[in-house]
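# Structural description and commentary
The lines below spell out each chain.
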Amino acid sequence: MAKKQLSNQPFPANKLRIRMYCQGLGDCFLLTFPRTGAGRKEFHVLIDCGVIVGQPDGPAKIRQVAAHVAEATNSQIDVLAVTHEHWDHLSGFVDAQEEFKKIKFDQVWLSWMENPEEPMAVSLQADRDAKKQKLAMALDREQVRLGVDGKQSDAEKFAGLAGFFGLEPGTAVKSMNDDSEGLDRGRTGAALNFVSQTTDDRWYLEPGSEPFTIDGLKGVEFFVLGPPRDDKAIKKDKPTKKGDEVFRSDSAASAHRLEALAALDMPDDSDQVDGSHLPFASRYGVSLEQALDDPFYRQMYDDGTDEPHPADWQRIDDLWMFSASEFALQLDADTNNTSLVLAIRLPSDKVLLFPGDAQVGNWESWHSRKYKWGAQDVEAQHLLHNTIVYKVGHHGSHNATLRDKGLMMMDDPDLVALLPVDEDVAHVKKHWNDMPFTPMLKELKSRTQGRILRPDHDLKHSETDPDDESVVSWVASKEKVIGMPDRSLYLDYFVPLKYSSA
């Protein structure tokens, strides 16, 4: 049943409205501040707009979201901030492009990773695009769609990872070549191209110590925490062997790192002719035609027809699929680590943290510098200590929220979490059974006292979550939330803005 769309509420004075859209497994946030000075009364910041490949009615939902954004902003947005190149953050700029063309964007904020004049960014982007092309070719193979062992779930898991780049089985290679400018960057690249063309006022933000301010926003400062300018930090998406950086060690994945490296040379179609895609030299192999003429094969494996025996799964030609899955996981994680991370300081000295889908290396890099906080120099812990709104990274996965240098430092009693997740889609359709990750979620519930906004949970569930007795009632904050009871198109959370008398 379609979610009921709420009419826009009158915008209150001296409050920030954070609107989380409920399109499914994807991010789209509209922050609306009261504007100071002449002109429009509201200042709008849109952070990402996308939904994952495979979300039921995903394209239609994201078009509905885009149309609502246009209505809510009177088709004028001050800042569009895009965090990173993943479909669940970008799909709206392709699937709802006609709706977004009707909106005027004054500024676009991207990370330095998207700067076409930045040599390091160009190099990293070229490497990512080459890997995406390999991913597209792997996805389009019949063996991947069906699974080497005949289990559809294997193919679905692989396709789920490829979906972060907007790649779909049967159309992936085409999607990597349909960019109107011939940049061969696929649908996520096309989305970023559209975003960068919405205005000439493009900001490529760098991590640093000095916050910046925006005309029209009194007492509001923006800190850029990531992505780091360190290639090693960007590629550090997993915890160390001790595994104490996050809420779980991912040692199983790291054990297959060599397989992931092998997958970088997955074959294209031309390799099929010379046999260079095979795990061993061609002279050691036996073609199917030769096998069918061999008495031993006929006796041991053949079923009496000219077709291969059901034991065909024993062939090793396509063992690369297992490498491809790890390769896709690695590429996904490295891209998450390029997330633009914004910490927004309010006039009350409280902080909103929007980390995109930053993983270990990105989070850790925040602690490598000090930040200007008025007349003080403070560390990242100070920003985290003052965080009252945390946009949970990567839909609550285990390694997108740092533990000791992240969530454990968020100890403000008013902390609220925004968790954009669709658990049914994550578990049933994508086979991501740890999304959201239970140990992290339990700690999050404790630190927020149950104040977690989720598009897939209603108010009653938030009050009486049966798996965690420590969760307290959400009732005290009901007046701050609009839309929770009927899981509408969006949820609104209101934050008081306490201005100083100076």
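For the structure itself, look to the data block above.
Notes on the structure in this doc start here. Each chain carries its own residue numbering, running from 1 in the direction its sequence is written. Local features in this predicted model are restricted to residues whose pLDDT is 70 or higher, and side-chain atom pairs enter the listing and the counts only when it is 80 or higher, whereas totals over whole chains, interfaces and linings include all residues. Hydrogen atoms and water are omitted, and side-chain values are computed over all heavy atoms in the structure.

## Quick look at the overall build of the protein chain
Filter applied, for reference: We count a stretch as a helix when DSSP gives it H or I for four or more residues in a row; a strand needs E for two or more, and each element gets its number in order from the N terminus. Whether a residue is buried, partly exposed or exposed follows from its accessible area with a 1.4 Å probe, protein chains only, as a fraction of its type maximum: under 20%, in between, or over 50%, in that order. Here, residues are in contact when the closest pair of their heavy atoms is within 4.5 Å. What sets the accessible areas is the Shrake-Rupley method with a 1.4 Å probe; for residues, cover comes only from the shown protein chains.
Within the protein chain, the regular secondary structure consists of 21 helices and 16 strands. Each of the 502 residues in the protein chain was classed as buried or not, and the buried ones make up 54%. A sequence separation of at least 24 residues applies to 71% of the contacts in the protein chain between residues at least 6 apart. Only carbon and sulfur atoms are counted for the fraction: they give 51% of the accessible area of the protein chain, which is about 21900 Å².

## Examining the side chain of H394
For H394, the position within the fold is in the loop between β12 (387-391) and β13 (416-418). Assessed through its relative accessible area of 6%, H394 is described here as buried.

## Observations regarding the sheet that holds strand β7 (residues 221-226)
The test is simple: Two strands form a pair only when DSSP identifies at least two bridges running between them.
One open sheet accounts for 6 strands, arranged β7-β8-β9-β12-β13-β14; its pairing is mixed. Pairing within the sheet leaves two strands with one partner each, and these edge strands are β7 and β14 (452-453). Sheet analysis places β7 next to strand β8 (residues 341-345), joined by 5 bridges and oriented antiparallel. Following the sheet pairing, F223 is matched in β8 by A343.

## Some points on the packing of aromatic side chains
Counted only if it meets this: Stacked, tilted and edge-to-face pairs are distinguished by plane angle, under 30 degrees for stacked and over 60 for edge-to-face with tilted covering the rest, among Phe, Tyr and Trp rings (Trp via its six-membered ring) whose centres lie within 6.5 Å. Ring-over charges, as used throughout, are those where CZ of Arg or NZ of Lys falls within 6 Å of the ring centre and within 35 degrees of the ring normal.
Scanning the entire structure with this criterion turns up 13 aromatic pairs. Measuring from ring centre to ring centre gives 5.3 Å for W109 and F212, while their planes differ by 80°; the resulting arrangement is edge-to-face. Within this pair, whereas W109 is found in strand β5 (residues 104-111), its partner F212 is found in the loop between β6 (202-205) and β7, the two being separated by 103 residues in sequence. What makes F212 buried here is its relative accessible area of 18%. Centre to centre, the rings of F223 and Y371 are 6.1 Å apart; their planes meet at 75°, and the pair counts as edge-to-face. In this pair, F223 sits in strand β7 while Y371 sits in strand β10 (residues 371-373), placing the two residues 148 residues apart along the sequence. Side by side, F223 and Y371 carry an identical accessibility label, which is buried. Among the aromatic residues, ring-to-ring pairing joins W109, W203, F212 and F222 into one connected group. We note R19 situated over the ring of Y490; from NZ or CZ to the ring centre the distance is 3.9 Å. Seen from the ring of W373, R345 lies directly overhead, with NZ or CZ sitting 3.9 Å from the centre.

## Observations regarding the state of the cysteines
For clarity, the cut-off: Two cysteine sulfur atoms form a disulfide, by the criterion used here, when they sit within 2.5 Å.
Within this structure, the stated rule accounts for 0 disulfides. Here C28 stays free of any disulfide, with the sulfur of C49 as its closest cysteine sulfur at 3.4 Å. Judged by its relative accessible area of 1%, C28 is buried.

Any link to function would need more than the numbers given here.
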